[in-house]
Amino acid sequence: MKLRATRHQAPDEASALELFHLREWTDGLPVIIPTEARVESMLAGVELEPDIIVGQIGPGEATVEKIAINAVMAGCRPEHFPVVLAAVRAVGDPEFDIDNMQSTTHGMGPVIIVNGPAREVCGPIASGWGALGPGHRANASIGRALRLCLMNIGGARPGHGDMAALGQPGKFTCCLAEDEEGSPFPPLHTSFGYEAEQSAVTLVGVDAPHSVMMQTNDDDPEAHERILRVVAGAIAIPGANNTQIGKGPVIVALNPVHAGVLASAGLGRDDVLDELTRRAVTPSATMRGWATKRRIPDGGGDLPALRGPEDIVLIVAGGSGMYSAVFSGGLAGSTHPVHAPVEFDFSCELPGLPPV
Amino acid sequence: MRDGAIFARAGLPAVAIVTEAFVELAAFTAEAVGMPAIPRCVLPHPCSGTGDENLARVAREAAPGIIELIEGRRL
C-alpha cells in the first residue's frame, strides 16, 4: 500500500507526541502517533485507494489516507473508520457550508448522528445513558477524528481558520447513535430515503446541547402538550441564533420517555416536527426587546425561530427519564443537515490489530 | 442512598429505595459513603411519572419487603 504522507522521525513516541503538539497537529489533547503500520491497519477495513478524495474541507483535499491518519490520531479502531469516512463525505456536501462553519465566530460544531446496523458493527456507538458524555470509545473517537480532520486538513486553528469567539466542548467530539429500538418513530435516516437496514450518518452544524427538563406523569392528559411547549421554548430561547435570526437547523434529542408520551398522544415524527415549528415563536413585542439582527414587522404577531419543520432534526437518545435536549442552530441559516451512507464490509479479518 | 446513609449514621433504621436502572449506581454510592451494606429495595424503572395507580401498586408490592428490611428480618 503506497502512502503519500510526509514521514517524520522521532527517537520515541513521547518525542513524537511533543512534535505533534509543537506543529499544532492536535486538538490540545495527546494523540495516538500515526505510524505507517497503524495507518495501514486503519485502511485495511475499507476497499478504497488511499489517494481517493472523499471531500473538500476548506483549502484541504480530504483523501482516504489523510482521514485515516486523523482517525488513528483520534484513537479510532478500524471498525470505526467507515463512519469517519461517511462523516467527512457528508461534511463535503455544499449544503453543509463547512467553510462558513469553520470560520464563524459562533461556537457551533458538527454533530454526527449514526443510524442503522453501523451503530453496532462500526461501534458500538452509544445511544443511551450519557451518549454525548465521556466513556464511550467509538462516540468519542469518531467525533474526534472528524474534528482533527477539520483542523489538520481544513486548517481550523483557533483565532486563524476557526474564529469561534469562545467555542464549546462539543467541538472536541460530538457523535452519538439514535436509539432506534427505544424510539416510537421511524429512524431518522429513513426521513432522507434510506431503508432502515441501511446505515447512514446525519451531520448537523449546531451549538452545544441545552438540557430540557420535563417530569411527565401518565395521569397527566396534558403531558404531551407540556413536552411540546417546553421543547419549543428551548428552541426559541433569547440568545439562540434561531431566535435572533429566525432560521437554522436544530437538533431535538428526545429521551425515550418523552418520545413515548408524544407517540401515545397519537403524534408521529412529522406531527412532532410540525407542532414544534408552530410553537417555537416569540411575540413581536418581546422580540423588540431582544433582537437587533432581524426585521420585526410593525403589526405584531409571533416571529418564528425556524423556517419550517425541515429545520428540525429529531432523534430519540439518552437514558429514560425527564431530560431531553435541544441543540440550537448556527450560522445565518446557510448550513443544512446533510447525510451520507456508511459503507462497510468486515467479512475479512482485519490484519495487525490487537483483539478487542 | 446518601439519605439512607445520613439516617443510618443518625441511628435510625433506613432502607434506600432505588429503581432497577440505578442498582449499580446505588452500590457505588453506598461504597463511596462508607456504608456498603445499607439495605436497599429495588423498584421497577421508571417509577416517576407512571401515574398514581401504578405508583400505588408498586408501593403496595414493595412495602412488605421494606418493612422486613427495616426490622432486620431480611438482608
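We now turn to the structure provided with this report. Every value quoted in this text rests on a predicted model; they were computed, and no experiment measured them.

**Examining the interface of chain B and chain A**
Taken together, the contacts link nine residues of chain B with seven residues of chain A. Summing the contributions of chain B and of chain A, the shared interface buries around 550 Å²; its carbon and sulfur component is 45%. When the area that chain B buries against chain A is broken down by residue, the three leading residues are His45(B), Gly49(B) and Gly51(B), summing to 50%. Scanning the region where chain B abuts chain A turns up zero salt bridges. Connecting chain B to chain A are four residue pairs in polar contact (both at pLDDT 80 or more). Looking at the side of chain B that touches chain A, its residues break down into two nonpolar, five polar and two charged.

**Considering the nonpolar core**
Generally speaking, soluble globular proteins have nonpolar side chains that are buried together. Residue and element names in this part refer to chain A. Membership of the largest hydrophobic core comes to 55 residues, with the highest contact counts inside it found for Ile67, Phe81, Ile112, Val114, Val201 and Leu203. It is helix H4 (residues 81-91) that contributes the most residues to this core, nine residues altogether. If we ignore the near neighbours within four places in the chain, the residues touching Leu203 are Ala87, Ala90, Val91, Phe96, Pro110, Val111, Ile112, Leu146, His336, Pro337 and Val338.

**Quick notes on H4(A)**
Counted residue by residue, H4(A) has ten buried out of eleven residues, so it is predominantly covered. Every buried residue of H4(A) is listed here: Phe81(A), Pro82(A), Val83(A), Val84(A), Leu85(A), Ala86(A), Ala87(A), Val88(A), Ala90(A) and Val91(A).

**A word on a nonpolar patch on the surface**
Together, Trp129(A), Phe22(B), Leu25(B) and Phe28(B) give the surface a local cluster of nonpolar side chains, amounting to about 460 Å² of exposed area. Among the secondary structure elements, Phe22(B) is positioned in the loop between strand E1 (16-19) and helix H2 (23-32).

**Concerning the pattern of salt bridges**
Residues and elements named next belong to chain A. Going through the model one piece at a time under the given rule, you end up with 18 salt bridges over all chains. Two residues, Asp51 and Arg4, come together in a salt bridge whose shortest N-O distance is 3.2 Å. You can see Asp51 sitting in the loop between helix H2 (36-43) and strand E1 (53-57) and its partner Arg4 sitting in the segment before helix H1 (13-22), a full 47 residues away along the chain. Using a relative accessible area of 63% as the deciding quantity, one classes Arg4 as exposed. Arg38 serves as the salt-bridge partner of Glu13, at 2.9 Å between the closest nitrogen and oxygen.

Criteria and thresholds
- Residues numbered from 1 in each chain as written.
- Chains lettered and ligands numbered in written order.
- Predicted model: local features only at pLDDT ≥ 70, side-chain atom pairs only at ≥ 80, totals over all residues.
- Heavy atoms only, no water.
- Contact = heavy atoms within 4.5 Å.
- Buried area = accessible area lost by both parts, 1.4 Å probe.
- Salt bridge = Lys/Arg side-chain N within 4 Å of Asp/Glu carboxyl O.
- Polar contact = N/O pair within 3.5 Å; in protein donor to acceptor, adjacent residues only side chain to side chain.
- Nonpolar A, V, L, I, M, F, W, Y, C, P; charged D, E, K, R; others polar.
- Core = buried A, V, L, I, M, F, W, Y, C linked by side-chain atoms within 4.5 Å.
- Buried < 20%, exposed > 50% of the residue type's maximum accessible area, 1.4 Å probe, protein only.
- Helix = DSSP H or I, 4+ residues; strand = E, 2+ residues; numbered from the N terminus.
- Patch = residues over 30% accessible without salt bridge, like charges linked within 9 Å, V, L, I, M, F, W, Y side chains within 5 Å.
- Areas by Shrake-Rupley, 256 points an atom, 1.4 Å probe, with all protein chains shown as cover.

Note that every value here comes from positions in space, so none of it alone points to a role or purpose.
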